Amino acid sequence: MSLAAQIMDEMKTAMRAKDTIALEALRAIKSAILLAQTESGAKEEIAAEDEIKLLQRLIKQRKDSASIYTEQGRADLAEPELAQVAVIEKFLPAQLSEAEVEAIVAQIISDNGFAGMANMGQAMGLASAALAGKTDGKTISTLVKKLLG
């Protein structure tokens, strides 16, 4: 089942349950999918890796918003953002733990003989490709800096 079809099924369930937070998150996903299809000029489904990137972008936006709200002492606005993150994360593949990501990044660095911050861009490129959809870019960046620094 495609992501769009899954979203539609979940939207129907959320409407029946009157779950406004889930419904808002699902509508955001549906909107992003439609925009991606319109941009490519194609009416057919978007690629699975593009769907994962789209979902990760939506999660990052909500986490950023929640952190800004928290910094400003607005927990009432941060909570719905984090609740939407939980809804969106259901559609991503299982995420790796930080220890698993660190092991993969360390392996990439050692296999390619990277040393020092001069190789950070190359290490980030390989690590991002290897870990696409399994973790976020911020985690990868932090671990690459830690292991190369």
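Residues numbered from 1 in each chain as written. Predicted model: local features only at pLDDT ≥ 70, side-chain atom pairs only at ≥ 80, totals over all residues. Heavy atoms only, no water.

Caption draft 1: Region of the structure containing the overall build of the protein. When helices and strands are counted, the protein shows seven helices and zero strands. When the backbone C-alpha atoms are referred to their principal axes, the protein occupies close to 55 × 45 × 25 Å. Per-residue burial for the protein yields a buried fraction of 33% across its 149 residues. Pairs at least 24 apart in sequence give 59% of the contacts found in the protein among residues at least 6 apart. Carbon and sulfur atoms provide 55% of the accessible area of the protein, an area that totals close to 9000 Å². Each charge sign in the protein was given a centre, from 17 positive and 21 negative side chains, and these centres are 4 Å apart. (Helix = DSSP H or I, 4+ residues; strand = E, 2+ residues; numbered from the N terminus. Buried < 20%, exposed > 50% of the residue type's maximum accessible area, 1.4 Å probe, protein only. Contact = heavy atoms within 4.5 Å. Areas by Shrake-Rupley, 256 points an atom, 1.4 Å probe, with all protein chains shown as cover. Lys, Arg positive; Asp, Glu negative; His and termini not counted. Charge placed at Lys NZ, Arg CZ, Asp CG, Glu CD.)

Caption draft 2: Molecular detail of helix 3 (residues 48–71). Taking 1.5 Å of rise per residue, 24 residues should cover 34 Å, and helix 3 covers 35 Å from first to last C-alpha, within 8% of that figure. Here helix 3 has its buried residues at Glu51, Leu54, Leu55, Leu58, Ile59, Arg62 and Ala66. (Expected span 1.5 Å × (residues − 1).)

Caption draft 3: Here's a closer look at the side chain of Ser141. Within the secondary structure, Ser141 is located in helix 7 (residues 137–148). By relative accessible area, which is 17% here, Ser141 ends up buried.

Caption draft 4: Summary view of the nonpolar core. If you look at the biggest cluster of nonpolar residues, it comprises 22 residues, and the most contacted ones within it are Ile7, Leu26, Ile29, Leu54, Leu55, Ile88 and Phe91. Listed by contribution, the elements that provide at least two residues to this core are helix 1 (3–17), helix 2 (20–40), helix 3 and helix 4 (75–89). Sorting elements by how many residues they give to this core places helix 2 first, with eight residues. Non-local contacts of Leu55, meaning those with residues more than four positions away in its chain, are made with Leu3, Ile29, Ile88, Phe91 and Leu92. Counting residues in hydrophobic clusters, the runner-up holds 14 residues, among them Ile108, Ile109, Met124 and Leu131. (Core = buried A, V, L, I, M, F, W, Y, C linked by side-chain atoms within 4.5 Å.)

Caption draft 5: Representation of the layout of surface pockets within the structure. One number sums up the size of the largest pocket: a volume of about 650 Å³. Lining of the largest pocket is provided by 25 residues; of these, Gln56, Thr135, Asp136, Gly137 and Lys138 occupy positions nearest its centre. At the level of elements, helix 3 and helix 7 are the ones that each hand at least two residues to the lining of the largest pocket. Tallying contributions element by element places helix 3 first for the lining of the largest pocket, with ten residues. The residue makeup of the lining of the largest pocket, split by class, is seven nonpolar, eight polar and ten charged. The calculated volume of the second largest pocket comes to roughly 150 Å³. (1 Å grid on protein atoms, 1.4 Å probe; cavity = no way out; pocket = protein on both sides within 12 Å on 5 of 7 lines; lining within 4 Å. Points joined across faces, edges and corners; volume = space filled by probe spheres on them. Nonpolar A, V, L, I, M, F, W, Y, C, P; charged D, E, K, R; others polar.)

Caption draft 6: Structural context of the side chain of Gln84. With respect to the helices, strands and loops of the structure, Gln84 is situated in helix 4. A distance of 3.2 Å separates polar atoms of two side chains, one belonging to Gln84 and the other to Glu24. (Polar contact = N/O pair within 3.5 Å; in protein donor to acceptor, adjacent residues only side chain to side chain.)

Caption draft 7: Structural detail: the confidence of the model for the protein. Across the protein, the average pLDDT comes to 89, with 97% of residues at 70 or higher. For the protein, per-element mean pLDDT is lowest for helix 7, which scores 87, and highest for helix 4, which scores 94. (pLDDT = per-residue confidence, 0-100.)

Caption draft 8: Quick look at the environment of Met8. In this structure, Met8 sits in helix 1. According to the relative accessible area criterion, Met8 is partly exposed, its value standing at 32%. With 19 residues separating them along the chain, Met8 and Arg27 place their C-alpha atoms 9.0 Å apart.

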